[in-house]
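Summary of the model geometry
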Amino acid sequence: AQTVTQSQPEMSVQEAETVTLSCTYDTSESDYYLFWYKQPPSRQMILVIRQEAYKQQNATENRFSVNFQKAAKSFSLKISDSQLGDAAMYFCAYSPLFSGNTPLVFGKGTRLSVIA
Amino acid sequence: EAGVVQSPRYKIIEKKQPVAFWCNPISGHNTLYWYLQNLGQGPELLIRYENEEAVDDSQLPKDRFSAERLKGVDSTLKIQPAELGDSAVYLCASSLGRTNSPLHFGNGTRLTVT
């Protein structure tokens, strides 16, 4: 079974600084998707960024980028120029590529605080 | 485009009472998911629907939990009777149903069982 591990229960960052959230996963599949979701106090899970494992290039979405190390099964999220609105729970998630919408497997999350 | 709508936002009940949660997915999304999120944890799948068919309910505790999606659109998740350990957030999500289509989540229902 696939597992996702987030080893940092809590992180903090100064406003305008950069922070990196860690995620490792375990799978025997060669092709899959990886995701980072943000969950603010409103509880809605918001997709931040997605990476296809067959793509070598790291995904980037504005201030959010990932460092995808397939061999190490590592998928970290870097947030640049952190803003107060970035404060939230962040979940790393895994999904197989060809499984008819097999649902996401989530990590336990990292709570990010942004200090003004 | 309206997002995934869930109601109620909060529900407080006494143990052994029944409770129901409602979800209206994004229009056109034929795949619907119910997730359970315990405090300090990531969401875990309870059940997945493809249209009106439950295609994955292996994690649904069928002795007390039930779900339906009669017309393949909105869905209801029910617990009867509720137990103290059922206190959690219940999230609904929907997607287009294609392999790489992203999940869109609702705001969830926070259930407190006293």
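Residue numbers here run from 1 along each chain, matching the order of that chain's written sequence. Whichever chain is written first becomes A and whichever ligand is written first becomes 1, with later ones labelled in order. Predicted model: local features are reported for residues with pLDDT of at least 70 only, side-chain atom pairs are reported and counted for 80 or more only, and whole-chain, interface and lining totals are derived from all residues. Hydrogens and waters are ignored; side-chain quantities use all the structure's heavy atoms.

Brief notes about the state of the cysteines
Note on terminology: disulfide describes a covalent bond linking the sulfur atoms of two cysteines. Residues and elements named next belong to chain A. Selection rule: Only a pair of cysteine sulfur atoms within 2.5 Å qualifies as a disulfide here. Helix and strand definitions here come from DSSP, where helices need a minimum of 4 consecutive H or I residues and strands a minimum of 2 consecutive E residues; each element is numbered from the N-terminal end. Throughout this description, buried means an accessible area under 20% of the type-specific maximum (1.4 Å probe, protein chains only), exposed means over 50%, and partly exposed covers the range between.
Considering all chains together, one arrives at two disulfides over all chains under this definition. Each disulfide pairs two cysteine sulfurs, and for Cys23 the partner residue is Cys92, the sulfurs being separated by 2.0 Å. Note on the Cys23 and Cys92 pair: the S-S dihedral is about -70 degrees, so by sign convention the disulfide is left-handed. Here Cys92 lies in strand E10 (residues 88–96) and Cys23 lies in the loop between strand E3 (19–21) and strand E4 (24–26), a separation of 69 residues in the sequence. For the residue pair Cys23 and Cys92, the accessibility class agrees, reading buried in each case.

With respect to the layout of surface pockets
Our working rule: In the cavity and pocket records, a cavity denotes points on a 1 Å grid over the protein atoms alone where a 1.4 Å probe fits but cannot get out, a pocket denotes an open set with protein on both sides within 12 Å along at least 5 of 7 lines, and lining residues are residues with an atom within 4 Å of a point. Grid points are joined across faces, edges and corners, and a volume is the space filled by probe spheres set on the points. Here the term charged refers only to Asp, Glu, Lys and Arg, the term nonpolar to Ala, Val, Leu, Ile, Met, Phe, Trp, Tyr, Cys and Pro, and the term polar to all other amino acids, Gly among them.
The space that makes up the largest pocket amounts to roughly 430 Å³. Along the walls of the largest pocket sit 26 residues, with Gly42, Pro43, Glu44, Leu45 and Gln59 of chain B positioned nearest its centre. Listed by contribution, the elements that provide at least two residues to the lining of the largest pocket are E10 and strand E11 (105–106) of chain A together with strand E4 (31–37) and strand E5 (44–50) of chain B. For the lining of the largest pocket, the element with the highest residue contribution is E5 of chain B, accounting for three residues. Residue classes in the lining of the largest pocket are distributed as 14 nonpolar, eight polar and four charged. Here the second largest pocket is characterised by a volume of approximately 370 Å³. In this structure, the second largest pocket is lined by 20 residues; those nearest its centre are Gln39, Met89 and Arg111 of chain A together with Leu39 and Arg110 of chain B.

What to know about unusual backbone geometry
Omega for the peptide link from Ser7 of chain B to Pro8 of chain B comes to -5 degrees, which places this bond in the cis form. Tracing the backbone through its elements, the reader meets Pro8 of chain B in the loop between strand E1 (5–7) and strand E2 (10–13). Going from Gln80 of chain B to Pro81 of chain B, the amide bond is cis rather than trans, its omega being -5 degrees. Along the chain, Pro81 of chain B turns up in the loop between strand E8 (75–79) and strand E9 (88–95). Of note, Asp81 of chain A is a non-glycine position whose phi angle comes to about 50 degrees, a positive value. With respect to the helices and strands, the residue Asp81 of chain A is situated in the loop between strand E9 (74–79) and E10. Of the residues examined, Asp81 of chain A reaches a relative accessible area of 40% and is grouped as partly exposed.

Some words on the sheet that holds E1 of chain B
All names here are of chain B. For clarity, the cut-off: Two strands are counted as paired when DSSP detects at least two bridges linking them. Each axis is a line fitted through C-alpha atoms, taken for helices only over the stretch in contact, and angles between the N-to-C directions span 0 to 180 degrees.
Ordered by their spatial adjacency, four strands build an open sheet running E1-E3-E8-E7, and the pairing between neighbours is antiparallel. With partners counted over all chains shown, the strands left at the sheet margins are E1 and strand E7 (65–68), one partner each. Going from strand to strand, the sheet's axes swing by 15 degrees on average, the running direction of each strand aside. Bridge analysis of E1 against strand E3 (residues 19–24) gives three bridges, and the strand direction is antiparallel. Within E3, the residue paired with Val5 across the bridge is Asn24.

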